[in-house]
Amino acid sequence: MKIFGLDLQQYETKKEPDFRVRDKLETITVPLKGGFGTSLSPRVEVGDEVEAGEIIARNDDSTSTPALASLAGEVIEIVKLDSYHEETGDKLEAKVPGIKINVSSNQGTNGSGVDWEKEKPKNLRELLYLAGLTSFGQTGVPTEFNSSLFSPTEVEHVLINGVKTEPFVHHLIDYGEEFTLFKTGLEILARAFPKSQIHFVLDRNTRENLEELSSSQRIKIHIVEYESYMSKSKMLARNILGEEKLDEGGYLLDHGLLVLPEIFPLAAYRAVVEGTPFIRGRLSLSGPATEDRVVETPIGAPIKYALGEDIMDKAEELTIMGGPLSGNKLENLDLPVNKNMDSLVQLPKPQGSQVLAWLHPGLGKNSYTNAFFSALAPNRKKVADSGLHGEERPCVYCGWCSDVCPVDILPFQILKTYDHGMVDEVNRLQPQRCVDCGLCSYVCPSKLPLSETVKRAKQDQPGENHNYVEYEEDEEGLMSVITPEDEKGRGEESE
Amino acid sequence: MNRLERLMSDISSYTEDNPYLQHITEVIDTVRSIVFEPGVSADKSPFLRDYIEIKRYMFAVVLAVAPAALASIYFYGWRALAMIVVSYVAGGIAEVTFTLIRKEEITEGFLVTGILFPLTLPPNTPLWMVAVGIIVGVILGKEVFGGTGYNIFNPALVGRVFLTTTFPVATSSEWLIPMTGGWAGFKQFSVDTVTSATPLGVFANSGTLAPLRDLFFGNIPGCLGESSALLVLAGGIFMILARIIDWRVPVSYLGSVFLYSALGTYLWPNQVAPPVFQLLAGGLLFGAIYMATDPVSSPTTKEAKWVYGVFLGVMTVSIRAFSGYPEGVTYSILLMNMFAPLFDEMVMTFRYGPIQKPYK
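This report concerns the structure included in the present document.

Criteria and cut-off values
- Once a new chain begins, its residue numbering starts again from 1 and follows that chain's sequence as written.
- Chain A is the first chain written and ligand 1 is the first ligand written, with later ones labelled in order.
- In keeping with the predicted nature of the model, local features appear solely for residues at pLDDT of at least 70, side-chain atom pairs appear and are counted solely at 80 or more, and the whole-chain, interface and lining totals rest on all residues.
- Side-chain measures were taken over the full set of non-hydrogen atoms in the model, leaving aside hydrogen atoms and water.
- The helix and strand labels rest on DSSP assignments: H or I over at least four residues marks a helix, E over at least two residues marks a strand, and numbering proceeds from the N terminus.
- Summary of the burial criterion: residues with accessible area below 20% of their type's maximum are buried, those above 50% are exposed, and those between are partly exposed, where the area comes from a 1.4 Å probe applied to protein chains only.
- Throughout, a contact is declared for two residues whenever any of their heavy atoms are within 4.5 Å.
- To be clear on the numbers: accessible area is Shrake-Rupley with a 1.4 Å probe, and residue cover counts the displayed protein chains and nothing else.
- Using a grid of 1 Å spacing that covers the protein atoms alone, one calls a set of points a cavity when a 1.4 Å probe fits there but cannot get out, and a pocket when the set is open and has protein on both sides within 12 Å along at least five of seven lines; lining residues are those with an atom within 4 Å of a point.
- Grid points are joined across faces, edges and corners, and a volume is the space filled by probe spheres set on the points.
- For this scheme, ten residues count as nonpolar: Ala, Val, Leu, Ile, Met, Phe, Trp, Tyr, Cys and Pro. Four count as charged, namely Asp, Glu, Lys and Arg, and the remainder, Gly too, count as polar.
- By the criterion applied in these results, polar contacts are pairs of N or O atoms within 3.5 Å in which, for protein atoms, one can donate a hydrogen and the other can accept it, and in which residues neighboring in sequence qualify only through two side-chain atoms.
- Any two strands are treated as partners once DSSP identifies two or more bridges connecting them.
- Axis geometry follows a simple rule: fit a line to the C-alpha atoms, using only the stretch in contact for helices, then measure angles between N-to-C directions, giving values from 0 to 180 degrees.
- The labels follow the angle: roughly parallel below 35 degrees, roughly antiparallel above 145, roughly perpendicular from 65 to 115, and oblique for the rest.
- We define a nonpolar core as any set of buried Ala, Val, Leu, Ile, Met, Phe, Trp, Tyr and Cys residues linked to one another through side-chain atoms lying within 4.5 Å.
- The term buried area means the drop in 1.4 Å probe accessible area that two parts suffer when joined, counted for both and summed.
- Put simply, a salt bridge is a Lys or Arg side-chain nitrogen that is within 4 Å of an Asp or Glu carboxyl oxygen.
- Pairing of aromatic rings covers Phe, Tyr and Trp, the last through its six-membered ring, and needs centres within 6.5 Å; plane angles under 30 degrees mean stacked, over 60 mean edge-to-face, and all others mean tilted.

### Overview of the overall build of chain A
Secondary structure summary: chain A contains 13 helices and 19 strands in total. Within chain A, the proportion of its 495 residues that are buried is 56%. The contacts of chain A with a sequence gap of at least 6 include a subset with a gap of at least 24, amounting to 69%. Of the accessible surface of chain A, which amounts to about 21,100 Å², a share of 47% is contributed by carbon and sulfur atoms.

### What to know about empty space enclosed by the protein
Tallying each qualifying case throughout the model produces nine cavities of 30 Å³ or more. Put simply, the largest cavity is a space of about 270 Å³. Around the largest cavity, the lining comprises 24 residues; the ones closest to its centre are B:M58, B:G109, B:V112, B:D294 and B:P295. Every element with two or more residues in the lining of the largest cavity is listed here: α3 (54-76), α5 (110-119), α7 (155-166) and α14 (284-291) of chain B. The leading source of residues in the lining of the largest cavity is α5(B), at four residues. The class makeup of the residues in the lining of the largest cavity is 15 nonpolar, seven polar and two charged. By volume, the second largest cavity is sized at about 100 Å³. Contributing to the lining of the second largest cavity are 13 residues, with A:C405, A:I409, A:C434, A:C437 and A:C440 lying nearest its centre.

### Here's the deal with the side chain of A:D203
All names here are of chain A. For D203, the location among the structural elements is in the loop between β9 (197-202) and α3 (210-214). Note on D203: relative accessible area 5%, which makes it buried. Of the polar contacts made by the side chain of D203, one reaches the side chain of H171; its length is 3.4 Å. The contact partners of D203, leaving out residues within four places of it in the chain, are G162, V163, K164, T165, H171, I223, V224 and Y226.

### Looking at the sheet that holds strand β12 (residues 280-286) of chain A
All names here are of chain A. Taken in spatial order, the six strands of this open sheet run β1-β13-β12-β16-β14-β15, and their pairing is mixed. Unpaired on one side and paired on the other, β1 (18-21) and β15 (328-329) mark the two borders of the sheet. Pairing geometry for β12 and strand β13 (residues 293-298), over six bridges, is antiparallel. Bridging across to β13, S284 finds its partner in V294.

### Things to note about the environment of A:S62
Mapped onto the elements of the fold, A:S62 is located in the loop between β4 (55-57) and β5 (67-68). Sequence spacing of A:S62 and A:S39 is 23 residues, and the spatial spacing of their C-alpha atoms is 9.6 Å.

### Quick word on the packing of helix α1 (residues 121-130) of chain A against helix α6 (residues 264-274) of chain A
Residues and elements named next belong to chain A. Running from N to C, α1 and α6 point in directions that differ by 105°, and their axes come no closer than 9 Å. Overall, the two elements α1 and α6 adopt an arrangement that is roughly perpendicular. Contact residues: L124, L127 and L128 in α1; F264, A268 and V272 in α6. Looking at the contact of α1 with α6, its residues break down into six nonpolar, no polar and no charged.

### Brief notes about the nonpolar core
Core analysis: the largest hydrophobic core is formed by 146 residues, its most contacted members being B:I244, B:Y253, B:Y290 and B:I333. A total of 13 residues in this core trace back to one element, the largest contributor, which is α3(B). Apart from the residues lying within four places of it in its own chain, the contact partners of B:I333 are B:L157, B:Y253, B:G287, B:M291, B:A292, B:Y308 and B:L312. Core analysis: the second largest hydrophobic core is formed by 38 residues, A:F150, A:I160, A:L213 and A:A267 among them.

### Re the interface of chain A and chain B
Facing 79 residues of chain A, the contacting portion of chain B comprises 58 residues. Summing both sides of the interface, chain A and chain B together bury roughly 6,400 Å²; the carbon and sulfur share of this comes to 57%. Where chain A touches chain B, the interface holds five salt bridges. The closest approach of N and O atoms between A:R393 and B:E108, which form a salt bridge, is 2.8 Å. Across the chain A-chain B interface, the total number found is 30 residue pairs in polar contact (both at pLDDT 80 or more). Residue classes in the side of chain A that touches chain B are distributed as 39 nonpolar, 24 polar and 16 charged.

### Details of the pairing of strand β2 (residues 27-31) of chain A
Residue and element names in this part refer to chain A. For β2, the tally of buried residues reaches four of five residues, placing the bulk of the element in the interior. Of the pairings in the sheet, the one linking β2 to strand β7 (residues 91-105) comprises five bridges and is antiparallel in character. When the sheet's bridge partners are listed, V30 is paired in β7 with I99.

### Brief notes about the packing of aromatic side chains
All names here are of chain B. For the coordinates displayed, the defined rule picks out 22 aromatic pairs over all chains. For the ring pair F216 and F217, a centre distance of 5.2 Å and an interplane angle of 85° mean the geometry is edge-to-face. The class for F216 is partly exposed, based on a relative accessible area of 27%. Take F217: its relative accessible area is 46%, and that puts it in the partly exposed class. For the ring pair W268 and F322, a centre distance of 5.3 Å and an interplane angle of 90° mean the geometry is edge-to-face. Here W268 is found in the loop between α12 (248-267) and α13 (275-280), whereas its partner F322 is found in helix α15 (residues 302-322), with 54 residues between them in sequence.

### Overview of unusual backbone geometry
B:S45 connects to B:P46 through a cis peptide bond whose omega is 0°. Note on placement: B:P46 falls in the loop between β1 (36-37) and α3. Of note in the backbone geometry, A:Y397 takes a positive phi value of approximately 60° without being a glycine. On the secondary structure map, A:Y397 appears in the loop between β17 (354-355) and α8 (400-404). Taking the relative accessible area as the measure of exposure, A:Y397 reaches 15% and is therefore buried. Even without glycine at this site, A:K447 takes up a positive phi of about 55°. Tracing the sequence through the fold places A:K447 in the loop between α11 (439-443) and α12 (450-459).

Okay, here's the thing in structure tokens:
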């Protein structure tokens, strides 16, 4: 319990998630995503029979990772799937191709593994590529193939992000049952990137045998504070690389850091030791409105099916892809499961309006302030819903957004200057430091779109070619701002 | 309640369609949003939001000042309440008028200004003067800048200074002696015992110090809200614990008053009163807790809050000791309000460096 500070743990209802496998499917639609926004061209045609684990789409000329058929069957259609912006969650105009397969067998693959301890690093990386695992990370996992913008020798640190600190979000790995497999996966990674340090970051030390892991020279275990922003890879990267390097901007791999999700070591184990490519993804479902579960399902299964028959797309619930603080709204539960999905959170929508809500004692209302009686009842379960809990008002400069910010930026000031188009002022305030934790918007009493604006300001940052602002004085002696973006249309990349 | 809500939404949509009533839609909507919190979902991430909102934020200040307001009734009779009511009504009319002109929603900041303003006035201020003061405060102190959130000065203090300079006799020459014992002011409308000076005034004229015990519990003449240091402090502690105000401003303000007057009373014993007397007398506590902490008109960054508080303290003691005025809290806060953006800017320059020079 904290008297001062943000205590999002009070939302936690951490029920032990129920683990289930959902693989009885009639059709699947494999999205042809090659990692970081690239689409793949299909290598099969309608009517072809495919095997589970067979490569069905691959682009060798552009940086990408192949897509695999997750179950055996007949290709019946090549469809176009909706795509969404990775950061903002906006629906994009571009569509992603998908291959619809009529499933003939729900059997997995019969691949055979290799003895990883004797294999060359190069061959291990090749196996990861062929297993469809290299599309993870901000810029892909470097291999001898064209799977990343970087080469394997540039990897100095590999960071496995096992931090799940946003409210309700579950771990995808059962660190009890699957610990040995996971540990072997980490060792495989250490062998695949022989010059790198492997970091495994967890939010709390739940297992004693983690010490066993840290006994290895190559694998370092980090336990971080239980704060919601700690699950952000960029936040962890700050701690490993140091703040100065992060503030320079660029990709994390520019500084030698490869960040991978928690599922990666397990998937690497299966690909290398068992010979099973990454055709089954894991997805956790949680939130106050549902029964918590972790589901393993073939990639390409509709999300709705993967979660189970009892989970319906209810109108009174909001489904969020990712954590409730930084995720995006998921409007279509018929979309197929893809490799990068890891958690879904369902929050109830607020039911009707509340009479004189600002006078209620608010025993179940969590707040950064102590202006609610909930501050006196820290053990009481807090109500979580997707409500805004108030109307948008002008900023009153309370400063809470900058107080909670884990990277010391001033979101209110960025909002003010961004809205007035003061580009050079915005740039000075270093919006690129933002780790997208969403806490500024969470605490704002005026309900201002702080985190959204900082995100946009970050995307408008001048790149290498210095789009500095130009001033011109007009006849009346007023300064008017001319930016290169103004001439081309704001937000467009300059070439 | 559902029926009431439906009725209000019907009225709102009716006025919206009616060309003659269109302009009052915002007022109806404001009333509706005060009574019913709409169950709207967050549209963009984060989808989980804090339950705090501006209405509750402002109401917490009102709650914190309530004991001091009650005490003012106890000390000076029900006329004190009449002053608060007049302030709310007259200021409310000014606020709504501006809302109608600007076609924007009413903002909740007025909840606070409306009660803080009368508490800064002498207890015998004529009621019409209260109305004039709050109207000037709301309009010149806030609305001309664009409403809550855009004002440079604390609106309550703008109204207060307007009255002090326009009606100097009525607002600073006569003070009432508070009643104590039994039900005191709760049994009557107003107090008639008149004195000529507050403890600060007495010290400026004769160098006599009022007993600290009276200053602390409230048995001294002065403005409505500042009588009892104890209750003002209690409100401050409540707001700091509730996080409605930041502790840095009152701590640095009071701290610098303490240090500066300790030094001053050693160097110029006839002009600078001793530190504890300085802290408890006059409007210092009330100003440090309710006025200097106004988030809009004070600096926002932590470092700037320290600087702001120190400057406030130095200025307050200086005005009290070396100027013609016995009290300097109002003037120092208004003067430092002007510097608040500058202090923030200095902190930003220190933290992030100067703004990039335009590229040539």
